[in-house]
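Descriptive structure summary
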Amino acid sequence: MRVSLFIPCLVDQVYPEIGLSMARVLERLGFELHYDPRQTCCGQPAFNAGHVSEARSVAENFVEVFREARVIVGPSGSCTAMVRHFYGRLFARHPLAAAAGDLSRRVYEFSEFLKQYVPADRIRGAFSAKMGFHNSCHSYRELGITDEHVAFLQHIRGLEWIPLPGEPVCCGFGGLFSFKFAPIAETMAKTRLDMFLEAGCDTLLSNDPGCIMHLRQEVQARGLPLRILHLAELLDRAME
Amino acid sequence: MQEPRAFLQRAAAKTRDEEHRLKILKAIDTYTRVVEQRKHTQFRDWRQARQLAARIKDDVLARLPELLQQFEERITARGARVFWAETAAEARQYILDLVARRQARVVVKSKSMTTEEIGLNEALQHAGVDVWESDLGELIVQVAGEKPYHIVTPAMHKNREDVARLFHEKLGAPLTQDVEQLTMIAREHLRHAYVSAEIGITGANFILAEEGAIVMTENEGNGRLTMACPPVHVVLVGLEKVLPSMRELALFLPLLATSGTGQQITCYNSIVRGPRQPGEPDGPEEMHIILLDNGRTELLAQPEFQHVLRCIRCGACLNACPVYRTIGGHTYNTPYQGPIGSVITPHLRGFRQWYHLPFASSLCGACSDVCPVNIDLHHLLLWNRHRAVEREHTAAPGWRLAMKLWAWGMRRRKRIALLRPWLRLGTKLLLPLLPGAQRRRVPSMAEHSFARLWRDHERQKSHF
Ligand code: SF4
């Protein structure tokens with residue numbers, strides 16, 4: 001199966017290793033990859049900041065680039081949610097409306113894609129960690145991704161899965177929110193990280209580069225004993 | 001200072017208050033545990049219950065004028081007076097006129113956020129009237145000289161020790177941490193208010209069209225005293241609070257009790273159909289119901305926003321909100337705080353001054369998850385942002401320019417590639433100029449973009 005890589009702007013510019021990890025994992029699982037370097041960003045940062053026309057002008061490029069793609073996979077819950085759920089609104093009464101609407105059925109977040117297309121026992125490897133899962137809010141609420149989606153991690157030796165009580169709680173990223181309202185966002189990160197530390201985790205796993213960036217910044221600022229990993233990074237290392 | 005800037009300053013101050021953070025986390029943790037359990041003991045299917053509630057409210061909103069007229073007819077037939085207030089000022093004036101006519105010196109109130117919305121306490125005090133808050137939580141914030149912290153639990157930010165100290169200092173009561181004794185102190189303090197007040201002012205949780213009645217739920221019995229003891233009873237209520245009939249209460253009372261406090265049912269539920277009737281021994285001589293619009297019909301006229309009028313003011317979205325938990329209720333500086341407040345305040349009080357509220361959210365959606373009438377609050381926050389920027393032009397010129405540049409660059413790979421080294425250099429140079437918290441939030445760009453690394457990756461593969 002041919003898979004088109006959807007590399008969000010944050011991965012492209014800040015965390016390219018997350019994108020490479022995802023690509024390596026998919027290659028190991030036997031998928032044929034395609035990456036179109038004309039892609040830049042899905043438009044979400046501007047859309048969530050209220051600047052709809054700017055968001056649209058960037059999203060137009062996205063739609064053109066992925067028009068012909070059959071299956072699109074990206075390592076971010078919130079970017080996937082943007083394309084799947086918000087392009088309809090963004091492209092209402094727009095010449096690209098049909099093409100944009102069509103994309104929503106072909107775009108997958110990485111863990112969704114694995115759950116749907118890869119038998120769980122094909123994902124094997126070893127990785128030692130006491131790990132908690134930080135499901136991003138958009139992945140949980142807009143895409144309906146739950147702990148079940150990463151159940152395949154059970155087949156990875158050495159991984160101690162630590163369940164966190166209650167619903168997933170926001171880490172405080174929220175795009176430009178975390179810059180404009182930095183003191184609030186930082187304190188939210190602190191509250192969220194405390195939950196993982198109290199539960200006894202040494203590793204926090206997430207499926208959203210935004211959360212990962214925000215949490216890594218906080219871990220670094222406070223020197224916390226917690227490793228923050230993207231699902232793709234974890235699988236890449238575990239399956240080596 | 002401009003409200004948006006002041007908001008940010010208050011928020012930053014609160015985030016430094018570790019005691020506040022832990023206190024609120026603890027209070028809400030207890031709430032969440034009780035409520036989550038209650039949802040399952042109270043309803044066979046919580047999701048279905050909230051869907052049904054949403055449907056009923058949508059139906060109400062579709063025939064709002066008809067239901068309100070029915071309510072007016074039925075309750076005036078039993079001697080109450082109904083006043084339709086288009087604005088907060090009209091509602092205030094109506095009450096001030098009443099105060100003048102009855103020569104009232106003392107007014108007793110039970111908890112009502114709608115009176116906060118119209119700034120009633122200030123107006124009454126300005127007119128020289130003694131205002132007594134009779135709800136324990138409201139009394140606590142009144143004695144402390146503060147505003148309500150939360151629409152359901154106005155003194156959530158004060159624990160037992162805080163209240164003991166407050167009563168000791170402000171009311172001269174003996175220092176005690178016994179909850180019962182603290183309640184007794186409050187009761188003692190309020191006793192004379194009920195007998196000396198000329199007017200009792202309450203809100204209403206629902207109004208019933210078919211029966212022509214107001215419904216009030218409470219836990220302390222103070223609301224009943226407030227509407228029954230003084231000779232005049234005034235009800236101030238938002239016009240969206242109407243339900244078709246008493247039958248709907250079978251769903252809405254438990255729904256509100258569950259989401260509000262995790263109770264099976266609140267302790268006192270009063271249904272009142274008018275003032276004292278001939279032959280009845282007690283009850284007020286006059287009853288006035290003020291139906292408040294104050295921007296609500298404008299919300300109703302917007303298809304995208306109208307369903308926010310389903311809100312039953314249960315406070316669940318505040319408790320679920322990680323931003324509310326971090327900055328606390330007072331930071332919002334609005335009668336309605338948290339997600340629901342950030343959705344409606346710009347509409348009720350103007351985007352100019354209040355546009356920042358919908359932006360002060362991570363859009364996590366926890367609010368929409370818990371709302372008992374299924375309002376998609378976090379999407380409405382986002383639509384508010386769109387309106388603020390695109391229609392109200394609230395974005396600062398600097399941001400507008402930045403977004404335009406960003407969009408220009410992001411439209412083509414070539415442009416980002418071209419801008420990239422300059423951006424890296426620029427952030428390095430500008431970073432030291434930013435305040436600490438913002439500085440820590442700026443990412444450092446990787447040495448090479450994915451696009452570039454992918455080329456290497458592909459080249460390596462082709463070598464094998
Ligand atoms: S918006 Fe929903 S959750 Fe928030 S107060 Fe209203 S009814 Fe309750």
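Within chain A one finds twelve helices and eight strands. For chain A, whose C-alpha radius of gyration is 17 Å, the value lies close to the compact-globule estimate of 18 Å for 240 residues. Overall size of chain A, expressed as C-alpha extent along the three principal axes, is 50 × 45 × 30 Å. The buried share of chain A, reckoned over its 240 residues, is 67%.

Take the pairing of strand β6 (residues 213-218) of chain B next. Residues and elements named next belong to chain B. The buried count for β6 comes to six of six residues, which makes it a mostly enclosed element. Covered by surrounding structure in β6 are A213, V215 and T217 together with I214, M216 and E218, the residues of both alternating faces. Taking the residues that link successive antiparallel strands as the turn, the strand β5 (residues 206-208)-β6 hairpin has four residues, and the phi of G212 there is positive, at about 60 degrees. Where β6 and strand β9 (residues 268-272) come together, five bridges link them in antiparallel fashion.

Turning our eyes to something else, we now look at the side chain of R325 of chain B. By secondary structure assignment, the location of R325 of chain B is in helix α15 (residues 322-327). A polar contact of 2.9 Å, which involves the side chain of R325 of chain B, links it to the backbone oxygen of N319 of chain B.

Moving on: the packing of aromatic side chains. Scanning the model with the defined rule gives 24 aromatic pairs over all chains in all. Between Y108 of chain A and F113 of chain A the ring centres are 6.1 Å apart and the planes differ by 70 degrees, which places this aromatic pair in the edge-to-face class. Here the aromatic cluster, defined as three or more aromatic residues joined through ring pairs, consists of F177 and F181 of chain A together with F7, Y149, Y324 and Y332 of chain B. Above the plane of the ring of W399 of chain B lies K180 of chain A, whose end atom (NZ or CZ) is 4.7 Å from the centre. Its end group placed over the ring of Y15 of chain A, R216 of chain A keeps NZ or CZ at 5.1 Å from the ring centre.

Before going further, it helps to examine the site of the ligand. All names here are of chain B. Taken together, 13 residues surround the ligand, and among them C311, C314, G315, C317 and C371 come closest. Judged by the fraction of its atoms near the pocket grid, the ligand is located in the second largest cavity. For the shell around the ligand, the residue count by class is eleven nonpolar, one polar and one charged.

The next point concerns the sheet that holds strand β3 (residues 130-133) of chain B. All names here are of chain B. Pairing is parallel in the open sheet, where six strands are placed in the order β1-β10-β7-β4-β2-β3. Looking at which strands have only one partner, the edges of the open sheet turn out to be β1 (81-85) and β3. Shown here is a sheet whose adjacent strand axes are inclined to one another by a mean of 20 degrees, direction ignored. Examined bridge by bridge, strand β2 (residues 106-109) and strand β4 (residues 199-202) share three bridges and lie parallel to one another. Across the sheet, V108 pairs through a bridge with G200, a residue of β4. Across the sheet, helix α4 (residues 64-77) touches β1 and β10 (286-292), and the angle it forms with β1 is around 150 degrees. Packed on one face of the sheet, helix α10 (residues 179-196) meets β2 and β3 and runs near 120 degrees to β3.

To continue, consider the packing of helix α16 (residues 338-349) of chain B against helix α20 (residues 377-391) of chain B. Residues and elements named next belong to chain B. Two elements in contact, α16 and α20, have axes separated by 9 Å at closest approach and are oriented at 30 degrees. For the crossing formed where α16 meets α20, the hand is left-handed. Facing α16, whose interface residues are P339, I340, S342, V343, P346 and H347, α20 presents L377, L380, L381, N384 and R387. Considered class by class, the residues forming the contact of α16 with α20 number seven nonpolar, three polar and one charged.

Phi is positive for R93 of chain A, close to 55 degrees, though the residue is something other than glycine. Within the secondary structure, R93 of chain A sits in the loop between α5 (77-90) and α6 (97-103).

Right, let's get into α16 of chain B. Residues and elements named next belong to chain B. The end-to-end C-alpha separation of α16 is 16 Å, in line with the 16 Å expected for twelve residues at 1.5 Å each. Among the twelve residues of α16, eleven are classified as buried, and the element is accordingly described as predominantly covered. Of the positions making up α16, those classed as buried are G338, P339, I340, G341, S342, V343, I344, T345, P346, H347 and L348. Two residues or fewer past α16, G350 is found with a positive phi of approximately 100 degrees.

For the rest of this paragraph, the subject is the sheet that holds strand β5 (residues 125-134) of chain A. All names here are of chain A. An order of β6-β5-β7-β8 is seen for the four strands of this open sheet, with the pairing classed as parallel. Two strands bound the open sheet, and with one partner strand each, they are β6 (156-161) and β8 (227-230). Averaged over all adjacent pairs, the angle separating strand axes in this sheet is 40 degrees, with direction ignored. As judged from the five bridges shared by β5 and β6, these two strands associate in the parallel manner. Following the sheet pairing, M131 is matched in β6 by W161. Relative to the sheet, helix α12 (residues 231-238) contacts β5, β6, β7 (203-206) and β8, its axis offset from that of β8 by approximately 90 degrees.

What follows is about the interface of chain A and chain B. Opposite the 65 residues of chain A that make contact, chain B presents 64 residues. Together chain A and chain B conceal approximately 5,600 Å² of surface at their shared face, both sides included; 64% is due to carbon and sulfur atoms. When the area that chain A buries against chain B is broken down by residue, the three leading residues are Q13, R89 and F179 of chain A, summing to 12%. Inspection of the chain A/chain B interface yields eight salt bridges. A salt bridge links R440 of chain B to E186 of chain A, with the nearest nitrogen and oxygen atoms 2.7 Å apart. For the pair chain A and chain B, the interface holds 29 residue pairs in polar contact (both at pLDDT 80 or more). Considering each element in turn, the side of chain A that touches chain B owes the most residues, nine residues, to helix α10 (residues 182-199) of chain A. In terms of residue class, the side of chain A that touches chain B is made up of 33 nonpolar, 18 polar and 14 charged.

Here is what the cut-offs are and how they apply
- Residues numbered from 1 in each chain as written.
- Chains lettered and ligands numbered in written order.
- Predicted model: local features only at pLDDT ≥ 70, side-chain atom pairs only at ≥ 80, totals over all residues.
- Heavy atoms only, no water.
- Helix = DSSP H or I, 4+ residues; strand = E, 2+ residues; numbered from the N terminus.
- Rg over C-alpha atoms; globule rule 2.2 N^0.38 Å.
- Buried < 20%, exposed > 50% of the residue type's maximum accessible area, 1.4 Å probe, protein only.
- Pairing = 2+ DSSP bridges.
- Polar contact = N/O pair within 3.5 Å; in protein donor to acceptor, adjacent residues only side chain to side chain.
- Phe/Tyr/Trp six-rings, centres within 6.5 Å; stacked < 30°, edge-to-face > 60°.
- Lys NZ or Arg CZ within 6 Å of the ring centre and 35° of its normal.
- Near = heavy atom within 4 Å.
- 1 Å grid on protein atoms, 1.4 Å probe; cavity = no way out; pocket = protein on both sides within 12 Å on 5 of 7 lines; lining within 4 Å.
- Sits in = over half its atoms within 2 Å of the grid points.
- Nonpolar A, V, L, I, M, F, W, Y, C, P; charged D, E, K, R; others polar.
- Axes fitted to C-alpha atoms, helices over the stretch in contact; angles between N-to-C directions.
- Contact = heavy atoms within 4.5 Å.
- Left-handed = near helix turned anticlockwise from the far one by under 90°.
- Expected span 1.5 Å × (residues − 1).
- Buried area = accessible area lost by both parts, 1.4 Å probe.
- Salt bridge = Lys/Arg side-chain N within 4 Å of Asp/Glu carboxyl O.

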